[in-house]
Amino acid sequence: MTRKRLSVVVTRKLPEAVETRMRELFEVRINEDDHPMSEAELAEAIRTADVLVPTVTDRIGQKLLAQAGEQLKLIANYGAGFDHIDVETARARGILVSNTPGVLTEDTADMTMALILAVPRRLAEGIELMQSGKWEGWTPTAIMGHRIWGKRLGIVGMGRIGQAVARRARAFGLQIHYHNRRRLHESIEESLEATYWESLDQMLARMDIVSVNCPHTPGTFHLLSARRLALMKKSAYIVNTARGEIIDENALTRMLVKGELAGAGLDVFEHEPGVNPRLMGLPNVVLLPHMASATFEGRLEMGEKVIINIKTFADGHRPPDQVLPSML
């Protein structure tokens, strides 16, 4: 007797190779035109599917989960972050949640390092000058930025990505400092030549560059509040490739407009896809469209992890990347 194939709804277009493999294994419904699904469309999906494969653009909250059919038993998130999913409510309804950790570490760290370089060295302004056709040749005082060699880098969140950023930053001569929920093992600190700060406030006040690399949880919402941002030096830069909600974006914007911070490199925003319009025209700000993890290799590996999580679940086992209460 042939076992019924799982019904899987995928909320956004995925790489073709991933979709092809999913169709071989499961009964799959793909969002062919790749539009952000409405709440009504998501509700219809979770009423009928055995497995939902959402992305960061989908808000899977308590109200939506209340409409889930009894057959929905797994939300296999396409992405490492899961702050857009009400994991506690899902668990209470007997729905497992999995994610795709690890595969985006190096890609995100690469982009973080790119922003750490781009903002102090004024790369965006240089590009704009060239593309506008206004460059009239080299002069000793044109487009002068700041050296990063020897500067202090404060990493907020020293997990996989934070450590990958630290490895890159050391090669550029930055001094590595970090704040984390838990202090790293001494051997890791030594290998990264990293200094731990128990007090985030004290670290922020002494850094030349701050990189945000922690997950967004209820405990990290506006972790970098207006009060904490005000602790930073006027000459300091801030880079965020984690989640926009970790920084009070309005407070950050006010400070950048007033010159109370030297600059910012932002790949994520508090109200995506909306961006504070006052950030748009600032010459000391580099804005990217949430692309830190956007590599062909990374997207394929994410898809492979999603498939493994679903296949393992279908075989009656716990998905290897299940989101556990200790991770919240």
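Residues numbered from 1 in each chain as written. Predicted model: local features only at pLDDT ≥ 70, side-chain atom pairs only at ≥ 80, totals over all residues. Heavy atoms only, no water.

**Q** Help me understand the UniProt feature "domain: D-isomer specific 2-hydroxyacid dehydrogenase catalytic" (unreviewed entry) in the chain, please; the structure alone is not making it clear to me.
**A** In the numbering adopted here, UniProt assigns the feature "domain: D-isomer specific 2-hydroxyacid dehydrogenase catalytic" (unreviewed entry) to residues 8-323. With 36% helix and 14% strand, residues 8-323 has end C-alpha atoms that lie 19 Å from one another. (UniProt positions renumbered as here; feature names shortened; annotations may be inferred. Helix = DSSP H or I, 4+ residues; strand = E, 2+ residues; numbered from the N terminus.)

**Q** Whenever I open this one, the sheet that holds strand 9 (residues 209-212) confuses me. Can you help?
**A** Sheet strands pair via backbone hydrogen bonds, and the direction of the pair is either parallel or antiparallel. Across the sheet, which stays open at both edges, the seven strands sit in the order 8-7-6-9-10-11-12 with parallel pairing between neighbours. Two strands lie at the open edges of the sheet, namely strand 8 (194-196) and strand 12 (285-287), each paired on one side alone. Adjacent strand axes in the sheet meet at a mean angle of 20° when their direction is disregarded. Bridge analysis of strand 6 (residues 152-156) against strand 9 gives four bridges, and the strand direction is parallel. Within strand 9, the position partnered with G154 by the bridge is V210. (Pairing = 2+ DSSP bridges. Axes fitted to C-alpha atoms, helices over the stretch in contact; angles between N-to-C directions.)

**Q** Would you mind going over unusual backbone geometry with me for this structure?
**A** It is generally the case that most residues other than glycine have a negative phi and that most peptide bonds are trans. P273 follows E272 through a cis peptide bond whose omega is 5°. Within the secondary structure, P273 sits in the loop between strand 11 (263-266) and helix 12 (277-280). A positive phi angle is found at H222, which is not glycine, with a value near 50°. Residue placement: H222 occurs in the loop between strand 9 and helix 10 (226-229). Judged by relative accessible area, H222 falls into the partly exposed class, the value being 22%. Here the phi dihedral of H290 falls at roughly 50°; this positive angle occurs in a residue that is not glycine. (Buried < 20%, exposed > 50% of the residue type's maximum accessible area, 1.4 Å probe, protein only.)

**Q** Mind showing me how you'd approach the environment of A164 here?
**A** Relative to the helices and strands, A164 is located in helix 7 (residues 160-171). Looking at A164, the relative accessible area reads 0%, which means it is buried. When the C-alpha positions of A164 and D110 are compared, they lie 8.5 Å apart, and in sequence the two are 54 residues distant. Excluding its chain neighbours within four sequence positions, the residues that come into contact with A164 are T105, E106 and A109. (Contact = heavy atoms within 4.5 Å.)

**Q** Explanation requested: the sheet that holds strand 3 (residues 51-53) in the structure shown.
**A** The strand order 2-1-3-4-5 describes an open sheet built from five strands, whose pairing is parallel. This sheet does not close on itself; its edge strands, each paired only once, are strand 2 (27-30) and strand 5 (96-98). On average, adjacent strands in this sheet sit at an angle of 15° to one another, irrespective of strand direction. Seen against the sheet, helix 2 (residues 39-48) touches strand 1 (7-10), strand 2 and strand 3 and runs at an angle of roughly 180° to strand 2. Its contacts with the sheet place helix 13 (residues 296-314) against strand 1, strand 3, strand 4 (74-76) and strand 5, and it is angled at close to 160° to strand 4.

**Q** Explain the pairing of strand 7 (residues 175-179) here, please?
**A** Across a regular strand the side chains alternate sides, sitting on one face of the sheet and then on the other. With respect to burial, strand 7 is a largely interior element, four of its five residues being buried. Strand direction decides the pairing type here: strand 6 and strand 7, joined by five bridges, are parallel. In the sheet register, I155 faces strand 7, and the bridge partner there is Y178. With helix 7 bridging strand 6 and the parallel strand 7, this β-α-β connection has right-handed handedness. A crossover links strand 7 with its parallel partner strand 8, the connecting element being helix 8 (residues 186-192), and its sense is right-handed. (Right-handed = clockwise from strand over helix to strand, strands pointing away.)

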